[in-house]
Amino acid sequence: MCAIFGLIDYNHTLNAKQREKLLRVLSEECEERGTDATGYAFNHNGKLTIYKRPYAAHKVHLRLHDDSNVIMGHTRMATQGNKLDNRNNHPFPGTVNGTHFALAHNGVLHNDVRLRKQMSLPNTPVKTDSYIAVQLLEQQKTLDIQSISEMAELVEGSFVFTVMDEHNNVYFVKGDNPLALYHYETCGLYVYASTEAILDRALTRLGIISIEHQKINTSCGDILKIDSTGAMEQGMFDTTNLMMYDYRYFRRDWWNVPESCESEPQDVKQLKDFASSIGIAREDIDLLLSYGYFVEEIEEMLYQPGVIEEALCEILNECAYDYCGEF
């Protein structure tokens, strides 16, 4: 479980201290989705800067210059890669044809090792699954909606990516993980976070939730680019690989899993909450439990990308065989 957050102050409405305050409140609200590390990307004097530390957000003190009006943030719950090695924390730096960029990811990718072999990508000291997205982008000739779309179509798993370049262009790549983006047009300001709940709590604390704003709706497969003037451009990517691990299209009565109920144990509820935050459906947890997996066992599997999918594949293949065998 991780969180993304940030702001795009394209009219330079806020000063550096006001941006710092907004980001501090946003990042603190994002702690519910991860406290292992906190990181920021921003531009100063035309140079992209990444500032990240292996601490919870409330312990990381960001200092901004007045010209740093677009900031991308991330709070991390480590699933791969030791947080104490700062290279494993988000955002990650990259370069495409001389253009520097930073990338942050909320979700879990399952095919990073396989892609690195298939695409003959270099080995890296970064142990986080998210870094494969940086390596794929670095193989491109340009950083734009098309090249980002090609990256998104290669990775498998759950994700929302944010990508920011040295020209203050920000790209939102919406997979099946949540994203909340608000536009305060009269102020010339975008603010975003992983969920509406996080965003609303932060804006309520800041006393600006009541100011008129527009919710920018995104769907799985969308790519949004917001440039330094606040202009928005839209694109899409094919979600085939993303959805190949989505087992919810199978008929529930194939495996006769009981619907979740309010009386289920607290540890099961917590397990499902965590699983859904990283893109694993609650119904999938029901399926695993119904086949004899223990809560502790499933929790361990959630920290190992691909293991849950392999277990579900085996169960569903067995279910499909039994179902077809009835005819």
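Below or above, wherever it landed, is the structure these notes cover. Just so it is clear, the model here is predicted, and its values are computed rather than measured. (Residues numbered from 1 in each chain as written. Predicted model: local features only at pLDDT ≥ 70, side-chain atom pairs only at ≥ 80, totals over all residues. Heavy atoms only, no water.)

Points about the overall build of the chain
Then step 1. In terms of helices and strands, the chain carries 10 helices and 13 strands.
Then step 2. The burial tally for the chain puts 55% of its 327 residues in the buried class.
Then step 3. Entry remark: accessible area of the chain is about 14,800 Å², with carbon and sulfur atoms responsible for 48%. (Helix = DSSP H or I, 4+ residues; strand = E, 2+ residues; numbered from the N terminus. Buried < 20%, exposed > 50% of the residue type's maximum accessible area, 1.4 Å probe, protein only. Areas by Shrake-Rupley, 256 points an atom, 1.4 Å probe, with all protein chains shown as cover.)

Topic: the pattern of salt bridges
Then step 1. Counted by the stated rule, this structure contains 12 salt bridges.
Then step 2. Residue arginine 114 is joined to glutamate 156 by a salt bridge in which the shortest nitrogen-to-oxygen separation is 3.1 Å. Pair noted here: arginine 114 is in helix 2 (residues 112–118) and glutamate 156 is in the loop between helix 4 (145–154) and strand 7 (157–165), with a separation of 42 residues, a long-range link.
Then step 3. A residue is classified by how much of its surface remains accessible, and arginine 114, at 38% relative accessible area, is partly exposed.
Then step 4. Since its relative accessible area comes to 6%, glutamate 156 is described here as buried. (Salt bridge = Lys/Arg side-chain N within 4 Å of Asp/Glu carboxyl O.)

Some thoughts on the pairing of strand 3 (residues 47–53)
Then step 1. Sheet analysis places strand 2 (residues 37–44) next to strand 3, joined by seven bridges and oriented antiparallel. Across the sheet, residue tyrosine 40 finds its bridge partner in strand 3, namely tyrosine 51.
Then step 2. Turn length for the strand 2-strand 3 hairpin, with the two strands adjacent in sequence and antiparallel, is two residues, and the turn residue asparagine 45 shows positive phi of about 55°. (Pairing = 2+ DSSP bridges.)

Looking at unusual backbone geometry
Then step 1. For the bond from histidine 90 to proline 91, the omega torsion is -10°, close enough to zero to count as cis.
Then step 2. As for its placement among the helices and strands, proline 91 is situated in the loop between strand 4 (70–76) and strand 5 (92–96).
Then step 3. For asparagine 45, which is not glycine, the phi dihedral falls at a positive 55°.
Then step 4. Among the structural elements, asparagine 45 can be located in the loop between strand 2 and strand 3.
Then step 5. Take asparagine 45: its relative accessible area is 64%, and that puts it in the exposed class.
Then step 6. A positive phi is found at asparagine 168, a non-glycine position, where the angle reads about 65°.
Then step 7. When you line up the elements, asparagine 168 lands in the loop between strand 7 and strand 8 (170–174).

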